[in-house]
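# Descriptive structure summary
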Amino acid sequence: MLLRFTKMHGLGNDFMVIDLVTQHARLTEEKIKQLANRHFGIGFDQLLIVEPPSKPDVDFKYRIFNADGSEVEQCGNGARCFARFVRDRKLTSKRTINVETQGGDITLIVHNHNDVEVDMGYPILEPALIPFHAEQQAITYPINCHNQTFEISAVSMGNPHMVLIVEDILQAQVEKWGPLLEKHESFPQRANVGFMQVINSQQIKLRVFERGAGETLACGTGACAAVVAGRLQNLLAEQVQVDLPGGSLQIEWQGSGHSVRMIGPTTRVFEGQVRI
Ligand SMILES: N[C@H](CCC[C@H](N)C(=O)O)C(=O)O
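Residues numbered from 1 in each chain as written. Predicted model: local features only at pLDDT ≥ 70, side-chain atom pairs only at ≥ 80, totals over all residues. Heavy atoms only, no water.

Under an unreviewed UniProt entry, the protein chain has the name Diaminopimelate epimerase and belongs to Zooshikella ganghwensis. As its UniProt record puts it under Pathway (unreviewed entry), the protein chain is described as follows: "Amino-acid biosynthesis; L-lysine biosynthesis via DAP pathway; DL-2,6-diaminopimelate from LL-2,6-diaminopimelate: step 1/1." Under the heading Sequence similarities (unreviewed entry), UniProt records this for the protein chain: "Belongs to the diaminopimelate epimerase family." (UniProt positions renumbered as here; feature names shortened; annotations may be inferred.)

Below you can see the structure in the form of structure tokens.
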């Protein structure tokens, strides 16, 4: 069968977006990995799937699969593209869209044709819920990896993140430590690994080695997790500009008891059809 899709990105974190509201298909893990392949398939960091809601009070179900085929709980850059997609495809005319994800319900607010704001929900710091092997909240917490000790912060935005502070983002050995830390045994469901350089209390630079996708040009949940980790170490203000290799996101977190809000752009690259 032929499946329609849209190729999109959020600051270079790129997605294949499929509407399974008006189309029907069952995609296996193997098929997803094939579609993700940048030489033999469409190529993407994540596959985003739009499904009808499975409960009241939400407009859609939002499912996310990494390039390695693993289904995951949350994708921040993808959430912005999701909002643009469902409006462009006339699946809704709403500007405030509630979606359910495995990582919890989030609210998407379409301000204009480009920028979308996302209420990403509350950060999760309880180790058992991240999940992370520690007795208490891990801000910061020493972990050993191949005889090197890292002071990390463990934060979930519905998906697990570890955040570590570096002096110079350009000197950070992301390609060496990213794959090792992603699979560190203290994160039983693996982790997204954020390397954060604090420029000042309102600006950071961030690189993220993503679980199941490798280093991406941007990571929305990673930006949220980094701001939470920085604020809890009294390094950051409530509103932070997060400079990623693909561009900048505005993140706001007023502190515990508040959800994390993200604003950033969305880009539609092309429409396509693929035989599956
Ligand atoms: N790799 C992530 C999912 C995608 C997150 C990222 N692309 C974002 O914008 O939040 C994970 O395995 O939890």
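Each helix and strand counted, the protein chain has four helices and 18 strands in total. In terms of overall dimensions, the protein chain is globule-like: its C-alpha atoms have a radius of gyration of 18 Å, near the 19 Å expected for 276 residues. In terms of overall dimensions, the protein chain has C-alpha extents of about 50 × 35 × 35 Å along its principal axes. Buried positions account for 55% of the 276 residues belonging to the protein chain. Contacts spanning at least 24 positions in sequence make up 61% of the contacts within the protein chain whose residues lie at least 6 apart. Element-wise, carbon and sulfur atoms account for 47% of the exposed surface of the protein chain, whose accessible area totals about 11900 Å². Across the protein chain, the 26 positively charged side chains and the 31 negatively charged ones have centroids separated by 8 Å. (Helix = DSSP H or I, 4+ residues; strand = E, 2+ residues; numbered from the N terminus. Rg over C-alpha atoms; globule rule 2.2 N^0.38 Å. Buried < 20%, exposed > 50% of the residue type's maximum accessible area, 1.4 Å probe, protein only. Contact = heavy atoms within 4.5 Å. Areas by Shrake-Rupley, 256 points an atom, 1.4 Å probe, with all protein chains shown as cover. Lys, Arg positive; Asp, Glu negative; His and termini not counted. Charge placed at Lys NZ, Arg CZ, Asp CG, Glu CD.)

For helix H4 (residues 220-232), with 13 residues, the first-to-last C-alpha span of 19 Å sits near the 18 Å given by 1.5 Å per residue. Gly220, Thr221, Gly222, Ala223, Cys224, Ala225, Ala226, Val227, Val228, Ala229, Gly230 and Arg231 are the residues of H4 that are buried. Positive backbone phi, at 55 degrees, marks asparagine 234, one or two positions downstream of H4. (Expected span 1.5 Å × (residues − 1).)

Moving on to the UniProt feature "site: Important for dimerization" (unreviewed entry) in the protein chain. Here, the residues flagged by UniProt with the feature "site: Important for dimerization" (unreviewed entry) are Phe270. Structurally, phenylalanine 270 is set in strand E18 (residues 267-275). Residue phenylalanine 270 is classed as partly exposed on the basis of its relative accessible area, which comes to 38%. Look past the residues within four positions of phenylalanine 270 in its chain and what remains in contact with it is Phe5, Thr6 and Lys7.

Another aspect to go through is the UniProt feature "active site" (unreviewed entry) in the protein chain. Here, UniProt's "active site" (unreviewed entry) annotation points to Cys75 and Cys219. Taken along the chain, the residues just named run across 145 residues; in space they keep tight, none of their C-alpha pairs more than 7.8 Å apart. Summarising the element assignment, cysteine 75 is placed in the loop between strand E5 (71-72) and helix H2 (76-88). Once you skip the residues sitting within four places of it in the chain, cysteine 75 turns out to touch Phe15, Gln46, Leu48, Tyr62, Ile64 and Thr221. Among the structural elements, cysteine 219 can be located in the loop between strand E14 (214-216) and H4. Leave out the neighbours within four places in its chain, and cysteine 219 touches Asn13, Asn77, His161, Val208, Glu210, Leu244 and Leu249.

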